[in-house]
Amino acid sequence: MEKRVIIRDLFGHGIAATNFANAYGVKAVIIPKKDNKEEFEAEASKIFNILSFFSKNLETVSFEERDTAEAAGYDIIAELKAGTLANEVWQKFATSQLMPSFTEGLPEYKGMRNGSVLFIPQKLISDGECGVTAAQQSINPQVFTFLKEAGLPLVLGQHFHKVNDLQTVQNLAKDFNLYVPGMTENNEVLGIRGVAHEKYYNMYASLSASVGIAGTHTWILLTMFPNIPQIILFNKKGVENWKAIAQAYQANGKKIIAIGFDESTDLQELSTEIKKAYNSL
């Protein structure tokens, strides 16, 4: 690959695009989908400021240069969303690891227990860019009862609205004895959505594993912390081929397992499959 990789957003797919650029040794260029000069420049600056934590290999272009830059770039995430991305590219993707541009001054999570597992049973918020809604990507939390029964220290990793979803999150936290980032310390990170990814670096670095619905956290763990075992749960109607991604990481010696589901999935059987996968890690 010789073309610059195009980045459109600052969430999971933006991080994935950043890692693709790193894997292929090319620049990443930020070109937001904005037709207004002021909005384009504001969004480009925002994306750059957030994703520069993951890589110094990012470039921005002016509003006037956007069409030329787009024609000369490669929108690999557009191919992913269209379902035309070759599975072979994930093998290259899995060999790359993004390194933080700094770690000093970031929030510490002293309330996290040793051996904590990231837990994402539901999606309360979704950008709708994965071909399925938040509800379609969610699973009844009782599917994960085995984690609670095992007494595992769990950390909530899902995005939520810190006002509208707070009661739902509090109920879930009580049921599963969850550590919720921002609820008892580092209040500025509560909710995750809209908070700079770098703020959670030390939280991710302290994990022993991750179990739950695919999302931005999945891409962060794959690209910055590939040695942390993951069970990635995904709706089969989504755009990402998580099976191919997991297989690429497995071939690279990583403990990554992907398990698909849809509305016809038997939840008891799914729970058994997840438990078996977790025990294998």
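Our structure's up above, just so we're on the same page.
Every chain is numbered on its own, with residues counted from 1 as its sequence reads. Local features in this predicted model are restricted to residues of pLDDT 70 or higher, and side-chain atom pairs are both shown and tallied only at a pLDDT of 80 or more, whereas totals for entire chains, interfaces and linings draw on every residue. Side-chain numbers come from the whole structure's heavy atoms, not from hydrogens or water.

Q: Outline unusual backbone geometry, supporting the account with residue identities and numerical values.
A: The phi angle at Asn 177 is positive, at roughly 55°, despite the residue not being glycine. Secondary structure elements are defined from DSSP: runs of H or I of at least 4 residues count as helices, runs of E of at least 2 residues count as strands, and each element is numbered from the N terminus. Following the sequence through the fold, Asn 177 ends up in the loop between α7 (166–176) and β7 (178–179). For Asn 186, which is not glycine, the phi dihedral falls at a positive 50°. One can find Asn 186 in the loop between β7 and α8 (201–205). A relative accessible area of 18% means that Asn 186 is categorised as buried. Here's how the labels work: a residue is buried when its accessible area is under 20% of the maximum for its type, exposed when over 50%, partly exposed in between, all with a 1.4 Å probe on protein chains only.

Q: Break down the sheet that holds strand β4 (residues 73–74) for me, citing the residues and quoting the values.
A: Strand order in the open sheet formed by 4 strands is β3-β2-β1-β4, and the pairing between neighbours is parallel. Looking at which strands have only one partner, the edges of the open sheet turn out to be β3 (58–60) and β4. Strands are labelled as partners when DSSP assigns at least two bridges between them. Inspection of the sheet shows strand β2 (residues 28–30) paired to β3 by 3 bridges, in the parallel sense. Each bridged residue has a counterpart across the sheet, and for Val 29 the counterpart in β3 is Glu 59. Helix α1 (residues 12–24) rests against β1 (4–7), β2 and β3 of the sheet, and its axis sits at about 170° to β1. Contacting β1, β2 and β3, helix α2 (residues 37–51) runs over the sheet at an angle of about 165° to β3. Any two residues whose heavy atoms approach within 4.5 Å at even a single point are treated as in contact. To obtain each axis, a line is fitted to C-alpha atoms, and for helices this fit is confined to the stretch in contact; angles are then taken between N-to-C directions over 0 to 180 degrees.

Q: Break down the sheet that holds strand β6 (residues 154–156) for me, citing the residues and quoting the values.
A: If you trace the 6 strands from one edge of the open sheet to the other, you get β7-β6-β5-β8-β9-β10, paired in parallel fashion. On the outer flanks of this sheet lie β7 and β10 (256–261), each paired with one strand and no other. The pairing of β6 with β7 spans 2 bridges and is parallel. Bridging from a neighbouring strand, Val 155 pairs with Tyr 179 of β7. Contacts from helix α11 (residues 267–280) reach β5 (117–120), β8 (209–213), β9 (230–235) and β10, with the element oriented near 175° to β10.

Q: Would you mind going over the side chain of Thr 218 in detail, with residue names and values included?
A: As for its position among the elements, Thr 218 is in helix α9 (residues 216–224). Overall, the relative accessible area of 1% leaves Thr 218 in the buried class. Sequence-distant contacts of Thr 218, defined by excluding residues within four places in its chain, comprise Ile 213, Gln 230, Ile 232 and Trp 242.

Q: I'd like to hear about α1, residue by residue, with values.
A: Owing to its 3.6 residues per turn, the α-helix brings residues three or four apart onto one side. By this rule the span expected of a helix is its residue count minus one, scaled by 1.5 Å. When the terminal C-alpha atoms of α1 are compared, their 18 Å separation across 13 residues agrees well with the 18 Å that a helix rising 1.5 Å per residue should span. The element α1 is largely enclosed, with a buried count of 11 among its 13 residues. Within α1 the residues assigned to the buried category are Gly 12, His 13, Gly 14, Ile 15, Ala 16, Ala 17, Thr 18, Asn 19, Phe 20, Ala 21 and Ala 23. Following α1 by one or two positions, Gly 25 has its phi on the positive side, about 70°.

Q: Outline the packing of α9 against helix α10 (residues 242–251), listing residues and values.
A: Taken N-terminus to C-terminus, the directions of α9 and α10 make an angle of 20°; their axes are 12 Å apart at the nearest point. The pairing of α9 with α10 is recorded here as roughly parallel in orientation. The crossing of α9 and α10 is left-handed. Note on element contacts: α10 touches α9 through Trp 242, Ile 245 and Tyr 249, opposite Thr 218, Trp 219, Leu 222 and Thr 223. Three categories are distinguished: nonpolar for Ala, Val, Leu, Ile, Met, Phe, Trp, Tyr, Cys and Pro, charged for Asp, Glu, Lys and Arg, and polar for the others, with Gly belonging to the last. Per-class residue counts for the contact of α9 with α10 are 5 nonpolar, 2 polar and no charged. Any angle that is under 35 degrees is reported as roughly parallel, and any over 145 degrees as roughly antiparallel; angles of 65 to 115 degrees are reported as roughly perpendicular and all others as oblique. If you view the pair so one helix is near and one far, a crossing is left-handed when the near helix is turned anticlockwise from the far one by less than a right angle, and right-handed when it is turned clockwise.

Q: Tell me what's going on with the environment of Glu 70, and back it up with residues and numbers.
A: Along the chain, the position of Glu 70 falls in helix α3 (residues 66–72). Once you skip the residues sitting within four places of it in the chain, Glu 70 turns out to touch Ile 6, Arg 8, Ile 31 and Lys 33.

Q: Help me get a handle on the packing of α1 against α9, residues and values and all.
A: For any two helices packed against each other, the geometry is given by the interaxial angle and the distance between the axes. Direction vectors running N to C along α1 and α9 enclose 20°, while the axes themselves pass 8 Å from each other. The orientation of α1 relative to α9 falls into the category roughly parallel. Relative to α9, α1 is oriented so that their crossing is left-handed. On the side of α1, the interface is formed by Gly 12, His 13, Ile 15, Ala 16 and Asn 19, while α9 contributes Thr 216, Trp 219, Ile 220 and Thr 223. Residues belonging to the contact of α1 with α9 are distributed by class as follows: 4 nonpolar, 5 polar and no charged.

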